[in-house]
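Architecture at a glance
Take a look at the letters that make up each chain.
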Amino acid sequence: MTKWTPTHEAPEPLEGPVVPTIVGGTILWFVLFLVQLPFYGWFDDRGHAWWLWTCLAGAGLGLIGIWYVRGRDAAIKRDAAEARK
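This is a predicted model, so every value here is computed, not measured. (Residues numbered from 1 in each chain as written. Predicted model: local features only at pLDDT ≥ 70, side-chain atom pairs only at ≥ 80, totals over all residues. Heavy atoms only, no water.)

The next subject is the overall build of the protein. Per the secondary structure count, the protein includes three helices and zero strands. Mapped in sequence order, the helices and strands of the protein form the string α-α-α. For 85 residues, the compact-globule estimate of 2.2 N^0.38 gives 12 Å, and the C-alpha radius of gyration of the protein, at 20 Å, exceeds that figure by more than 25%. For the protein, the C-alpha atoms occupy an extent of roughly 60 × 50 × 15 Å along the three principal directions. In the protein, buried positions account for 14% of the 85 residues. Of all intrachain contacts in the protein linking residues separated by at least 6 positions in sequence, the fraction that spans at least 24 positions is 56%. When the accessible area of the protein is evaluated, it comes to approximately 7300 Å², of which 68% is carbon and sulfur surface. Across the protein, 8 positive and 8 negative side-chain charges occur, with their mean positions spaced 6 Å apart. (Helix = DSSP H or I, 4+ residues; strand = E, 2+ residues; numbered from the N terminus. Rg over C-alpha atoms; globule rule 2.2 N^0.38 Å. Buried < 20%, exposed > 50% of the residue type's maximum accessible area, 1.4 Å probe, protein only. Contact = heavy atoms within 4.5 Å. Areas by Shrake-Rupley, 256 points an atom, 1.4 Å probe, with all protein chains shown as cover. Lys, Arg positive; Asp, Glu negative; His and termini not counted. Charge placed at Lys NZ, Arg CZ, Asp CG, Glu CD.)

Here's what the structure looks like:
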């Protein structure tokens, strides 16, 4: 079997509004947690309490993601400023 090699170069990665995207996703996870919280008993009776904890974990991981992408964005801007000098 022969190894497949690409015939063209890979495109540049897309850069977009990363920080607002992560913030929006984090807010969405936390809102989903808050909406489901009053129904905890219903979820627990049916064995679906993990839905709430999944939403809370998503919000917590989103907070870590916000910290990460803000640092990444700052590093990219610092590097661009140093390259202009």
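Alright, that's what it looks like, and here's the rest.
Another aspect to go through is the pattern of salt bridges. This structure, assessed with the given rule, holds two salt bridges. The residue Arg-72 makes a salt bridge to Glu-15 at a minimum N-O spacing of 3.0 Å. Linking Arg-72 in helix H3 (residues 50-84) with Glu-15 in the segment before helix H1 (18-36), this pair joins segments that are 57 residues apart in sequence. For Glu-15, a relative accessible area of 53% puts it in the exposed group. Among the salt bridges present, the one from Asp-73 reaches Lys-77, with a minimum N-O distance of 3.5 Å. With a gap of four residues between them, Asp-73 and Lys-77 both fall in helix H3, about one helical turn apart. Relative accessible area serves as the criterion here: at 54%, Lys-77 is assigned to the exposed category. (Salt bridge = Lys/Arg side-chain N within 4 Å of Asp/Glu carboxyl O.)

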